[in-house]
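# Secondary and tertiary structure notes
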Amino acid sequence: MKCLLFLLLTGSLGLFGGPAQTSAQTSAQAPASAPTPDRQQLRVWQGRYPHHDVRGPRGRMQKISFFKLPALRKPLAEMLGEDFLDGVEQGNYLEEPIELFGDYLLVRLYPNLRRIEDEHRLIIVVPLEGTALHAVYYQEVVGADGQRDIQTDWRHSFGTSLDDLPESLKTRLATIMGLP
């Protein structure tokens with residue numbers, strides 16, 4: 001009984017909590033728009049695979065995914081689709097270590113032909129400045145005359161294009177794809 005009386009008294013005096021806020025006060029404190037994620041922190045992924053194991057807080061190994069990071073998940077889903085992201089998480093693609101080229105991260109994925117029949121390779125370009133993303137599906141094709149060629153299918157975040165990438169990066173991407 002004494003304990004209950006103590007709790008009532010201290011609660012009414014405001015010792016356990018601050019003053020109640022009105023809805024006008026809480027709406028004034030809310031940010032006008034969600035802050036854009038800082039992609040500079042993604043530099044630490046250079047040289048790592050998009051999926052790799054790390055030791056958790058209790059010493060247990062846990063798998064982390066580059067594609068589940070808040071700065072990337074939604075833009076990738078909008079550009080490439082949820083089905084693609086689900087496939088990446090299920091192992092439909094083989095990965096190479098993430099490469100840093102200037103202020104861009106390059107993520108290279110190859111189809112796991114044991115799981116899917118698509119032979120298109122994929123490069124995802126993640127600028128460390130801004131929120132845009134770029135991706136190119138590419139595949140080597142041989143024409144009727146035996147001439148080797150690379151077929152590409154570019155995808156970009158809304159409002160961006162291939163023209164937004166610097167020439168040095170375009171040259172690097174062409175080299176990766178095997179263009180002459």
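Before going into details, it helps to say that this report is about the structure given with it. This is a predicted model, so every value here is computed, not measured.

This next bit is on the overall build of the protein chain. Of the regular secondary structure elements, the protein chain holds 5 helices and 8 strands. Starting at the N terminus, the α and β elements of the protein chain follow one another as α-α-β-β-α-α-β-β-β-β-β-β-α. Each of the 180 residues in the protein chain was classed as buried or not, and the buried ones make up 33%. Here the protein chain displays about 12000 Å² of accessible surface, and carbon together with sulfur accounts for 53% of that area.

By the burial criterion, the buried members of helix 5 (residues 167-177) are Leu169, Leu173, Ala174, Ile176 and Met177. Within helix 5, the buried residues cover an arc of 160 degrees as seen down the axis, which keeps them to one side. Opposite the packed face of helix 5, turned more than 90 degrees from it, sit the exposed residues Glu167 and Thr175. Summarising the contacts, the buried residues of helix 5 are in contact with strand 4 (99-101), strand 5 (104-111), strand 6 (121-127), strand 7 (134-142) and strand 8 (148-156). The positive-phi residue at the C-terminal boundary of helix 5 is Gly178, with phi of around 90 degrees.

Attention shifts here to the environment of Gly102. In this structure, Gly102 sits in the loop between strand 4 and strand 5. For Gly102, a relative accessible area of 54% gives the class exposed. Along the backbone, Gly102 and Leu128 are 26 residues apart, and their C-alpha atoms lie at a distance of 9.3 Å.

A complete count under the given rule lists 3 aromatic pairs for this structure. Taken together, a centroid distance of 5.1 Å and an interplanar angle of 65 degrees make the contact between Trp45 and Phe66 edge-to-face. Residue Trp45 is located in the loop between helix 2 (23-29) and strand 1 (51-55), and its partner Phe66 is located in the loop between strand 2 (61-65) and helix 3 (70-80); the two are separated by 21 residues in the primary sequence. Comparing Trp45 with Phe66, the two get one shared label, buried. Of the aromatic side chains, those joined through ring pairs into one cluster are Trp45, Phe66 and Phe67.

What follows concerns the pairing of strand 8. Pairing between strand 7 and strand 8: 9 bridges, direction antiparallel. Paired with Val141 across the two strands is Asp149, which belongs to strand 8.

Right, let's talk about the packing of helix 3 against helix 4 (residues 82-90) for a bit. Viewed as axis vectors pointing N to C, helix 3 and helix 4 meet at an angle of 115 degrees, and their least axial separation amounts to 7 Å. Within the contact between the two elements, helix 3 uses Arg73, Leu76, Ala77 and Leu80 and helix 4 uses Glu82, Phe84, Leu85 and Asp86. Here the residues of the contact of helix 3 with helix 4 sort into 5 nonpolar, no polar and 3 charged.

Here we take up the side chain of Arg108. In this structure, Arg108 sits in strand 5. Taking the relative accessible area as the measure of exposure, Arg108 reaches 17% and is therefore buried. Looking at Arg108, its side chain comes within polar contact range of the side chain of Glu96, at 2.7 Å. Excluding residues within four positions of it along the chain, Arg108 makes contact with Leu94, Glu95, Glu96, Glu99, Leu122, Ile123 and Ile176.

A few words on helix 4. Restricting attention to buried positions, one finds in helix 4 the residues Phe84, Leu85, Gly87 and Val88. An end-on view of helix 4 places all buried positions within 160 degrees of arc, on one side of the element. Exposed positions of helix 4 whose direction lies more than 90 degrees from the buried face are Asp83 and Gln90. Next to the buried residues of helix 4 lie strand 1, helix 3, strand 3 (93-95), strand 5, strand 6 and strand 7. Taken from the residues just after helix 4, Gly91 is the one with a positive phi, measuring 95 degrees.

Criteria and thresholds
Residues numbered from 1 in each chain as written. Predicted model: local features only at pLDDT ≥ 70, side-chain atom pairs only at ≥ 80, totals over all residues. Heavy atoms only, no water. Helix = DSSP H or I, 4+ residues; strand = E, 2+ residues; numbered from the N terminus. Buried < 20%, exposed > 50% of the residue type's maximum accessible area, 1.4 Å probe, protein only. Areas by Shrake-Rupley, 256 points an atom, 1.4 Å probe, with all protein chains shown as cover. Arc of directions from axis to C-beta. Contact = heavy atoms within 4.5 Å. Phe/Tyr/Trp six-rings, centres within 6.5 Å; stacked < 30°, edge-to-face > 60°. Pairing = 2+ DSSP bridges. Axes fitted to C-alpha atoms, helices over the stretch in contact; angles between N-to-C directions. Nonpolar A, V, L, I, M, F, W, Y, C, P; charged D, E, K, R; others polar. Polar contact = N/O pair within 3.5 Å; in protein donor to acceptor, adjacent residues only side chain to side chain.

Scope: geometric values only; no functional claims are made or implied.
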